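These are the residues of each chain, in order.
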Amino acid sequence: MFVLVAVVGSMTSPFFFTARNLENIAVAASVVAVLGVAQFIVVVTRGIDLSVGSVAALSTVIAAVMLRQGQGVLVTVVVALLACSLAGLINGLLVVYARIAPFVATLAMLSIARGVAFLVQVGTLIVISNTTFLNLFGGRTGSVPNGVIIAVIVTVVAAFVMKFTPLGRRLYALGGNPEAARLSGLPVKRDQVMAYVTSGLLAGLAGLMLAGRLSQGSSLVGQGYELDSIAATVVGGTSLFGGTGDPISTVLGALIIGMIGNIMNLAGIQSEPQLVIRGLVILIAVFLTSGGGIQRIRDGVTKLRARGSGAPSGDETLAAPALPAAENTPTSRRPDLQEGNTPHPPARRPDSTEGTH
């Protein structure tokens, strides 16, 4: 799919494969990649986090307000990440202990985080002029944008944790079969809460990346990023039923989403049709990953081939040949009395034979 989208992009515009455009795709996809990893960690446990975009917006506002007040960059970053982790903790507690569906709990947090960002912002957007902060999250290291470097580091760490640590294996077990994981003695509730806390933390980091790139904090940024993060996750092959997928594939899904958006911009497509196209991409991806679409397509191709060759398909059973109707006679219902068949007398018991006492 990645190669196919790239080929379509090269056919759409001669500017697609220019260095400047590829850098724009990488920078734009870096934020979606971090949010996609955050979404993946929750989805792999059979959950979902609709609040990542609003939490990222809250992170930009907190950072902008603290920097305007003269706080240091380190303190600002720590406070913003802690606040976003707290939002993730509340999500986890609502899902695990209050037993509220993840969709409902995180949808409520989407509204709460956006509202708190409005209250903290107090009016118009806040411009960030701290050069250290801007260079850290929006600058470059050599010729590579720092946002891309942060996304790569997050991806590598997440892939290592999911593949080589007990926590990663427990998250896969939790998503694969929660009841079996609980009966095995795994800390299911703690791990599930930790997944939402990590999602909030990474959403806060994505917000800092947005603030550094846009040089401002605003409660309006991040709208629609929850949709992009879910799209990156499912396009990367993660099942919404949990237990499968990996962060690297999620980041590849984020790159695909970024390339699709870039192609639509180069083609001059307005923002409204772009939303329709992104929604269709999510539907197709969910059908292929969580809806068993690939297996259904294979079964359909197998049936078509079987019908074309005249051979029975896998789900067709061979009908047994019909037997001729037997005549309605007493002997026809007794196979042992039909012609050529003589009923055998019952065997005599040994103790009843002659000369035996």
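Residues numbered from 1 in each chain as written. Predicted model: local features only at pLDDT ≥ 70, side-chain atom pairs only at ≥ 80, totals over all residues. Heavy atoms only, no water.

Once that is clear, we can look at the overall build of the protein chain. Looking only at helices and strands, the protein chain has 14 helices and 4 strands in total. Contacts spanning at least 24 positions in sequence make up 74% of the contacts within the protein chain whose residues lie at least 6 apart. Roughly 19500 Å² of accessible area belongs to the protein chain as shown, and the carbon and sulfur atoms make up 66% of that amount. (Helix = DSSP H or I, 4+ residues; strand = E, 2+ residues; numbered from the N terminus. Contact = heavy atoms within 4.5 Å. Areas by Shrake-Rupley, 256 points an atom, 1.4 Å probe, with all protein chains shown as cover.)

With that settled, the discussion passes to the packing of aromatic side chains. In this description, an aromatic ring pair is defined by two values, namely the gap between the centres and the angle between the planes. Summed over all chains, the structure comprises 3 aromatic pairs. Taking the centre distance of 5.0 Å and the plane angle of 45 degrees together, the rings of phenylalanine 133 and phenylalanine 137 count as tilted. Placement of both phenylalanine 133 and phenylalanine 137 in helix α6 (residues 131-138) is noted, with a separation of 4 residues, approximately one turn of the helix. Residue class for phenylalanine 133 comes out buried when judged on its relative accessible area of 0%. Their ring planes at 40 degrees and their centres at 5.5 Å tell us that phenylalanine 160 and phenylalanine 164 sit as a pair that is tilted. Of this pair, phenylalanine 160 and phenylalanine 164 both sit in helix α7 (residues 146-164), separated by 4 residues, roughly a single helical turn. Judged by its relative accessible area of 48%, phenylalanine 160 is partly exposed. Classification of phenylalanine 164 as exposed rests on a relative accessible area of 52%. Stacked on the ring of phenylalanine 164, the Lys or Arg lysine 163 has its end atom at 5.9 Å from the ring centre. (Phe/Tyr/Trp six-rings, centres within 6.5 Å; stacked < 30°, edge-to-face > 60°. Buried < 20%, exposed > 50% of the residue type's maximum accessible area, 1.4 Å probe, protein only. Lys NZ or Arg CZ within 6 Å of the ring centre and 35° of its normal.)

Contact geometry of helix α3 (residues 52-68) with helix α11 (residues 225-235) gives a least axis separation of 7 Å together with a crossing angle of 125 degrees. It follows from the interaxial angle that α3 and α11 lie oblique. Contacts between α3 and α11 involve Val52, Gly53 and Ser54 from the first element and Tyr225, Glu226 and Ser229 from the second. Residue composition of the contact of α3 with α11, by class: 2 nonpolar, 3 polar and 1 charged. (Axes fitted to C-alpha atoms, helices over the stretch in contact; angles between N-to-C directions. Parallel < 35°, antiparallel > 145°, perpendicular 65-115°, else oblique. Nonpolar A, V, L, I, M, F, W, Y, C, P; charged D, E, K, R; others polar.)

Glancing now at the pattern of salt bridges. All chains considered together, the criterion is met by 4 salt bridges. Salt bridges sharing partners connect three or more residues here, namely Arg170, Arg190 and Asp191. (Salt bridge = Lys/Arg side-chain N within 4 Å of Asp/Glu carboxyl O.)

Next up on the list: the side chain of glutamine 192. Among the secondary structure elements, glutamine 192 is positioned in helix α10 (residues 188-214). If near-sequence neighbours (up to four positions away) are discounted, glutamine 192 is found in contact with Val95, Val96 and Leu174.

Moving on: the layout of surface pockets. In this model, the largest pocket occupies a volume close to 500 Å³. Around the largest pocket, the lining comprises 20 residues; the ones closest to its centre are Asp228, Gly261, Asn265, Gln274 and Arg278. Residue assignment for the lining of the largest pocket shows that the elements contributing at least two residues are α2 (19-43), α11, α12 (247-266) and α13 (271-289). A per-class count over the lining of the largest pocket returns 8 nonpolar, 9 polar and 3 charged. (1 Å grid on protein atoms, 1.4 Å probe; cavity = no way out; pocket = protein on both sides within 12 Å on 5 of 7 lines; lining within 4 Å. Points joined across faces, edges and corners; volume = space filled by probe spheres on them.)

This part takes up a nonpolar patch on the surface. A contiguous nonpolar patch, built from Phe2, Val3, Val7, Met11, Ile248 and Leu252 and spanning about 590 Å² of accessible area, is present on the exposed surface. Mapped by element, the contributors of at least two residues to the nonpolar patch are α1 (2-12) and α12. Within the secondary structure, valine 7 sits in helix α1. (Patch = residues over 30% accessible without salt bridge, like charges linked within 9 Å, V, L, I, M, F, W, Y side chains within 5 Å.)

This part takes up α7. Between the first and last C-alpha of α7 there are 27 Å, a value that for 19 residues agrees with the 27 Å anticipated at 1.5 Å per step. Turning to α7, its buried residues number three or more, namely Asn146, Gly147, Val148, Ile150, Ala151, Val154, Thr155, Ala158, Ala159 and Met162. (Expected span 1.5 Å × (residues − 1).)

Our focus in this paragraph is the packing of α7 against α10. Closest axis-to-axis distance for the α7/α10 pair is 11 Å, and the angle between their directions is 165 degrees. Relative to α10, the element α7 is oriented roughly antiparallel. Judged by the twist between their axes, the crossing of α7 over α10 is left-handed. Contacts from Gly147, Ile150 and Val154 in α7 reach Leu202, Leu205 and Met209 in α10. Looking at the contact of α7 with α10, its residues break down into 5 nonpolar, 1 polar and no charged. (Left-handed = near helix turned anticlockwise from the far one by under 90°.)

Looking at the element boundaries, isoleucine 100 is found in the loop between α4 (73-96) and α5 (102-121). Judged by relative accessible area, isoleucine 100 falls into the partly exposed class, the value being 31%. In this structure, isoleucine 100 is in contact with Leu94, Val95 and Ala105, ignoring residues within four places of it in sequence.

Here we come to the confidence of the model for the protein chain. Should pLDDT be low for a region, the predicted coordinates there are not to be read in detail. Per-residue confidence for the protein chain averages 85 on the pLDDT scale, and 85% of its residues sit at or above 70. Contacts for the low-pLDDT stretch residues 325-340, under 50 throughout, to residues beyond four places or in other chains number 11 contacts. (pLDDT = per-residue confidence, 0-100.)

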